[in-house]
Amino acid sequence: MVGQLILRGFIIGIVAGLLAFGWAKTFGEPAVNIAIHFESAQDEAKAAAAVAAGKPAPPEDPVIFSRTVQSGIGLLTGMVAAGAGLGCLFAVLFAFANGRMGNLASGPTSVLLAFYGLISVYLVPALKYPPNPPSVGEPATIKYRTGLYFLMMAISIASTLGALRLRRSLVPRYGTWNGSLLALGAYLVVIAAFFVILPGINEVPATFPAVTLWNFRLASLGIQTVLWGSIGIIFGYVGAQVMASHPQSR
Amino acid sequence: MATDETSAVTSASDLALKVAIPIKEIMPWAIFGVVIMAVAYYFVGAEQGATSIFSGMSIHEFVHDARHLLGFPCH
Ligand SMILES: [Zn+2]
């Protein structure tokens, strides 16, 4: 039965990836293109300054794929691959959660899981280390930045799991409302502590257009919301059907 | 008509509600699902950036826009 769920999660993830691609193409690519223009203008200025100072111009980055490919089939592939991966993970989460979330039926279980997933896997890490358009990051710090980003993601996921476990033990003692709020409070304290402890990263060039940065980050939030949201909603239907077709197996 | 459809949906989700898959049955699949997710996220999010399994930059450059827009650190 879990295998059936994962296969369906995989397919639903591909569909979600296609929807996310639509959002990315519409709302994300304009900001990416402005950022790339900003980057090439800066590179040209640097090269001109080097030549004026009598030094050889720095070598240009080799073009492996055209912008058309990157913003088309490349973007599509990335979104669909991420969606398919998320869909498989989501099916596993659903298998664990279904029938174990109090009285919640399969549909609401799926949507609630997607909400937790969006917050834990994307939103909290992104609040500490916000997504950046091309030309914002220093190539030299990529290892450092990637390490911190995935560390924050791991902390965020672990904190959500911990808070849900804590809630489970607090609710019998303090009731649903108070127990849930206590768990939420503990969760926020832990997240805030890591926000303070972990080093911040700000490599945005001083002259980078603020509106472009804002639009890019908003587009990123939109893409992730479409991805998790569509997986949660579609899986709500499909997962309920799979579970209902095996009522006697328990 | 409409009430019939509603009650059909309700009974389906009621049935599903009573089903919790045993943890033992989920575990092997859980590893499988997490691995697929990790591989997908790794190739879209980090390959040929912070770390490289394959040499060159073609994977990085191909999924480049998705990497930025999904929120992974890049350049
Ligand atoms: Zn980049």
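Notes on the structure in this doc start here. Note that the structure is a prediction, hence the values are computed from the model and not measured.

Now for the overall build of chain A. When you go through chain A residue by residue, the secondary structure sums to six helices and zero strands. Its helices and strands in sequence order give chain A the pattern α-α-α-α-α-α, from N to C terminus. Overall size of chain A, expressed as C-alpha extent along the three principal axes, is 80 × 40 × 25 Å. For chain A, the exposed area adds up to about 12,400 Å²; of that, 71% sits on carbon and sulfur atoms.

A few words on the interface of chain A and chain B. Many analyses report the size of an interface as the accessible area lost when the parts associate. In this assembly, 65 residues from chain A lie in contact with 42 residues from chain B. Buried surface at the junction of chain A and chain B, both sides included, amounts to about 4,600 Å², of which 73% is carbon and sulfur. The tally of links from chain A across to chain B stands at one salt bridge. Ionic pairing is found between Arg-67 of chain A and Asp-65 of chain B, a salt bridge with its closest N-O pair at 2.9 Å.

Let's shift gears to the nonpolar core. Counting residues in hydrophobic clusters, the biggest one holds 61 residues, and the most contacted among them are Leu-5 and Met-79 of chain A together with Ile-21, Tyr-41, Leu-69 and Leu-70 of chain B. Of all the elements in the fold, those that place two or more residues in this core are helix H1 (2-52), helix H2 (67-97), helix H3 (106-128), helix H4 (142-174), helix H5 (176-197) and helix H6 (210-244) of chain A together with helix H2 (23-45) and helix H4 (64-70) of chain B. In terms of residue count, the dominant contributor to this core is H2 of chain A (twelve residues). The contact partners of Leu-70 of chain B, leaving out residues within four places of it in the chain, are Gly-78, Met-79, Ala-82, Tyr-122, Tyr-149, Ser-220, Ile-223, Gln-224 and Leu-227 of chain A together with Val-44 of chain B. Core analysis: the next-biggest nonpolar cluster, separate from the first, contains five residues, Phe-38, Val-136, Phe-208 and Leu-213 of chain A among them.

Basis of the calculations
- Residues numbered from 1 in each chain as written.
- Chains lettered and ligands numbered in written order.
- Predicted model: local features only at pLDDT ≥ 70, side-chain atom pairs only at ≥ 80, totals over all residues.
- Heavy atoms only, no water.
- Helix = DSSP H or I, 4+ residues; strand = E, 2+ residues; numbered from the N terminus.
- Areas by Shrake-Rupley, 256 points an atom, 1.4 Å probe, with all protein chains shown as cover.
- Contact = heavy atoms within 4.5 Å.
- Buried area = accessible area lost by both parts, 1.4 Å probe.
- Salt bridge = Lys/Arg side-chain N within 4 Å of Asp/Glu carboxyl O.
- Core = buried A, V, L, I, M, F, W, Y, C linked by side-chain atoms within 4.5 Å.
- Buried < 20%, exposed > 50% of the residue type's maximum accessible area, 1.4 Å probe, protein only.

Interpretation in functional terms is not warranted from these geometric data alone.
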